Amino acid sequence: MRMACAFPFLASLCLLLLVPAIHGWGKDGHYTTCKLAESYFTQATSTAVQTLLEPTGATDLATLCSWADDVREFLPWSRALHFANVPDDACDFEYSRDCKDSDGNLGRCVVGAIYNYTGQLLDYVNGTQTDYNYTQSLLFLSHFLGDVHQPLHCGHIGDKGGNTIEVYWYNTKTNLHHVWDTSMIYSEEEDFYSQSVDGLVQAINQNMTGVWSSSVQTWQTCSGSPLPCPSIYANESIKAACQWAYPNVTDGTTLGDEYFDTRYPVVNWQLAKGGARLGALLNLIFSSSS
């Protein structure tokens, strides 16, 4: 059964003003993912996205890409859909083992959510009569394509994807998950782009159309399988977490220049993957017909 929400969209959007900040990649990370995706949109995709955004008053998908974080306290059924954590001794993702909520319901993870909201948008394109709010379907799918590429959204169960590992980011006390969600992105913006998220987007986009262009073509396919392939994305993320996020980090570790200099390129790589794949997936959806 597909996950849906009877919560009226405009009412839930208004509630954003009352919601404490709880973010996936962080607002700038999700903005970056969706902004990069927009650069790949076909005209058909751009038109469809604009139509679906009309009830919100927004004209740019990127500005609403954190919506799924902003409303999850009011949509508690959606909380489990932001991540796909794996056993503490694992560095791989297995759908049947890992895509479950705390009650053991299969499919209730970020990977299952990507499949679900892809299906809902295909229903929209094909004119299938349903009760789904397709604007929400678009915003959930766009957000979850970002989340699945954040390595610690596919981290270890025991530390809740790094949320329980308390560290210092330079002199600021935080946790490892937050470092990957937000701290490294903000530090990169401050150090290299005059605190501008658009500067970060532009730099990553230049790499995607230049030195990473051959990689982008590979990212946008599924090794012969049809899009989307979020199990592949989750598997890449936990491998990145095991290789880059967790090593030499324990409670109380101070993370500074050495960690930042060797990890922010991984963050950029993952943001680029998310943007390229979201663009390709939405193009596929909105080019489909019955």
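Here the structure is shown first, and the text comes after it.
A brief look at the structure comes next. (Residues numbered from 1 in each chain as written. Predicted model: local features only at pLDDT ≥ 70, side-chain atom pairs only at ≥ 80, totals over all residues. Heavy atoms only, no water.)

Moving on: the overall build of the protein chain. Within the protein chain, the secondary structure is distributed over 12 helices and 3 strands. Its C-alpha radius of gyration of 18 Å places the protein chain within 12% of the 19 Å reference for a compact globule of 290 residues. By principal-axis analysis of the C-alpha atoms, the protein chain measures approximately 55 × 45 × 45 Å. Restricting to contacts in the protein chain with at least 6 residues of sequence separation, those with at least 24 account for 75%. (Helix = DSSP H or I, 4+ residues; strand = E, 2+ residues; numbered from the N terminus. Rg over C-alpha atoms; globule rule 2.2 N^0.38 Å. Contact = heavy atoms within 4.5 Å.)

Turning next to the state of the cysteines. One pass over the structure, following the stated rule, counts 4 disulfides. Ordinal numbering of bonded cysteines along the protein chain defines a disulfide pattern of 1-2, 3-8, 4-5, 6-7. In this structure Cys154 is not part of a disulfide, and its nearest cysteine sulfur, from Cys109, lies 8.0 Å away. (Disulfide = S-S within 2.5 Å.)

Two aromatic rings, taken as a pair, are described by how far apart their centres are and by the angle between their planes. Under the criterion given, the structure shown has 18 aromatic pairs. Look at Tyr117 and Phe144: their rings are 6.2 Å apart centre to centre, the planes differ by 35 degrees, and that puts the pair in the tilted class. Of this pair, Tyr117 sits in helix 6 (residues 110-126) while Phe144 sits in helix 7 (residues 134-147), and the two are 27 residues apart along the sequence. When sorted by exposure, Tyr117 lands in the same class as Phe144, which is buried. Measuring from ring centre to ring centre gives 4.9 Å for Trp219 and Trp269, while their planes differ by 90 degrees; the resulting arrangement is edge-to-face. (Phe/Tyr/Trp six-rings, centres within 6.5 Å; stacked < 30°, edge-to-face > 60°. Buried < 20%, exposed > 50% of the residue type's maximum accessible area, 1.4 Å probe, protein only.)

Further remarks concern the nonpolar core. Formed by 83 residues in total, the largest nonpolar core has its most connected members in Leu61, Phe93, Leu141, Leu176, Trp180, Tyr259 and Leu282. No other element matches helix 12 (residues 257-286), which puts 13 residues into this core. When neighbours within four sequence positions are excluded, Leu176 is seen to be in contact with Leu152, Gly162, Ile165, Val167, Ala245, Tyr246, Val249, Leu255 and Tyr259. (Core = buried A, V, L, I, M, F, W, Y, C linked by side-chain atoms within 4.5 Å.)

Close contact between helix 3 (residues 43-53) and helix 7 brings their axes to 8 Å; oriented N to C, the two are set at 120 degrees. Between helix 3 and helix 7 lies a crossing of left-handed hand. Contacts between helix 3 and helix 7 involve Val49, Leu52 and Leu53 from the first element and Tyr134, Thr135, Leu138 and Leu139 from the second. (Axes fitted to C-alpha atoms, helices over the stretch in contact; angles between N-to-C directions. Left-handed = near helix turned anticlockwise from the far one by under 90°.)

The next point concerns the environment of Thr253. Tracing the chain through its elements places Thr253 in the loop between helix 11 (230-245) and strand 3 (254-255). Residue Thr253 is classed as buried on the basis of its relative accessible area of 16%. C-alpha of Thr253 to C-alpha of Lys273: the two residues are 20 residues apart in sequence and 29 Å apart in space. Sequence-distant contacts of Thr253, defined by excluding residues within four places in its chain, comprise Glu166, Val167, Tyr168 and Asn248. A polar atom in the side chain of Thr253 sits 2.8 Å from the backbone oxygen of Thr250. (Polar contact = N/O pair within 3.5 Å; in protein donor to acceptor, adjacent residues only side chain to side chain.)

What follows is about the environment of Thr42. Structurally, the position occupied by Thr42 is in the loop between helix 2 (27-38) and helix 3. Sequence spacing of Thr42 and Ala280 is 238 residues, and the spatial spacing of their C-alpha atoms is 9.4 Å.

Of the two faces of strand 1 (residues 166-169), the one lined by Val167 and Trp169 is fully buried and the one lined by Glu166 and Tyr168 carries no buried residue. Hairpin geometry of strand 1 and strand 2 (residues 172-175) is characterised by an intervening segment of 2 residues between the two adjacent antiparallel strands and by a positive phi of about 55 degrees at Tyr170. With 2 bridges joining them, strand 1 and strand 3 adopt parallel strand pairing. Bridge pairing in strand 3 links Tyr168 to Thr254. (Pairing = 2+ DSSP bridges.)

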